[in-house]
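Listed below are the residues making up each chain.
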Amino acid sequence: MNTQPYIIIILGPQGSGKGTQAEVLAQQFKLRHIDMGALLRAFVTSRHPQAGRVQRIMNEGKGLVPTTLVLEILRRALSKIPASVGILFDGFPRNKVQAAALDRILRRSGRIITHAFYLPISTGTTIKRLARRGRVDDTPAAITKRLATYRKKTKPVIDHYRRRGVLVTVNGEPTIPRVTQTILTHFK
Ligand code: AMP
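Rules and cut-offs
Residues numbered from 1 in each chain as written. Predicted model: local features only at pLDDT ≥ 70, side-chain atom pairs only at ≥ 80, totals over all residues. Heavy atoms only, no water. Salt bridge = Lys/Arg side-chain N within 4 Å of Asp/Glu carboxyl O. Helix = DSSP H or I, 4+ residues; strand = E, 2+ residues; numbered from the N terminus. Buried < 20%, exposed > 50% of the residue type's maximum accessible area, 1.4 Å probe, protein only. Near = heavy atom within 4 Å. Polar contact = N/O pair within 3.5 Å; in protein donor to acceptor, adjacent residues only side chain to side chain. Areas by Shrake-Rupley, 256 points an atom, 1.4 Å probe, with all protein chains shown as cover. Nonpolar A, V, L, I, M, F, W, Y, C, P; charged D, E, K, R; others polar. Contact = heavy atoms within 4.5 Å. Pairing = 2+ DSSP bridges. Axes fitted to C-alpha atoms, helices over the stretch in contact; angles between N-to-C directions.

Bringing the pattern of salt bridges into the picture now. All chains considered together, the criterion is met by eight salt bridges. For Arg76, the salt bridge is made with Glu72, and the minimal N-O distance between the two is 3.5 Å. Of this pair, Arg76 and Glu72 both sit in helix α4 (residues 67-79), separated by four residues, roughly a single helical turn. With a closest N to O distance of 3.7 Å, Arg146 and Asp137 form a salt bridge. Per residue, the accessibility class of Arg146 equals that of Asp137, and both read buried. A network of salt bridges, in which partner residues are shared, links Arg133, Arg135, Asp137, Asp138 and Arg146.

Lining the immediate environment of the ligand, one finds 15 residues, of which Arg41, Gly63, Val65, Gly91 and Gln98 sit closest. Arg41 has a polar side-chain atom sitting 3.1 Å from an oxygen atom of the ligand. Contact distances for the ligand include 3.1 Å between a nitrogen atom and a backbone N or O atom of Val65. The protein chains hide 95% of the 480 Å² of surface that the ligand would expose on its own. Ranked by residues supplied to the shell around the ligand, first place goes to helix α2 (residues 36-44) with four residues. Per-class residue counts for the shell around the ligand are seven nonpolar, four polar and four charged.

Let us look at the side chain of Thr67. In this structure, Thr67 sits in helix α4. Apart from the residues lying within four places of it in its own chain, the contact partners of Thr67 are Asn95, Val97 and Gln98.

The next thing to look at is the sheet that holds strand β5 (residues 167-169). Ordered in space as β2-β3-β1-β4-β5, the five strands form an open sheet in which the pairing is parallel. Each of the sheet's edge strands pairs with one partner strand only, and the pair in question is β2 (32-35) and β5. For this sheet the average axis-to-axis angle between neighbouring strands, irrespective of direction, equals 20 degrees.

Here it is as structure tokens:
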């Protein structure tokens, strides 16, 4: 019997439904959900000396939080997860350095990425869906900046997983249940 737990990465632009699909999969397969955006929002409310700086980066859509800090938060989250438990990464990795670091960290702990789902949607769909969500960083100016960061920094991560042969592209335009249905066909 194959006992390798699922190690899943969900990638896609803002509004692609990554978070929602991540929650569904985490529940279905009893995975730990590492939501980097949520971990960073929690960090902002902490008393850490860098909390204010991180808050400004996030609220204004000013690109990515420094990778050293993101990796520190990631390592802390991972240290609490037993090797037998599957993991779902959502909002991470966001650039090539993070992707390489994740490969290293997983390899050292004997874990293997089993699926990297990429949920593409159009820019129009991102804008429409984020307007509905209305988070503090969902202003039109911040959305435009985040999309630019996504194209420049996160798109290469998709190629990284495509080359590794673990990338599964699932159109993110249909409704949430339909996208879930398609994703689930990739688990045997
Ligand atoms: P999200 O909730 O995934 O949309 O993330 C919100 C914001 O958190 C982003 O716009 C980034 O500034 C920051 N962020 C989230 N994940 C990462 C990451 N892996 N690396 C750097 N910054 C991140």
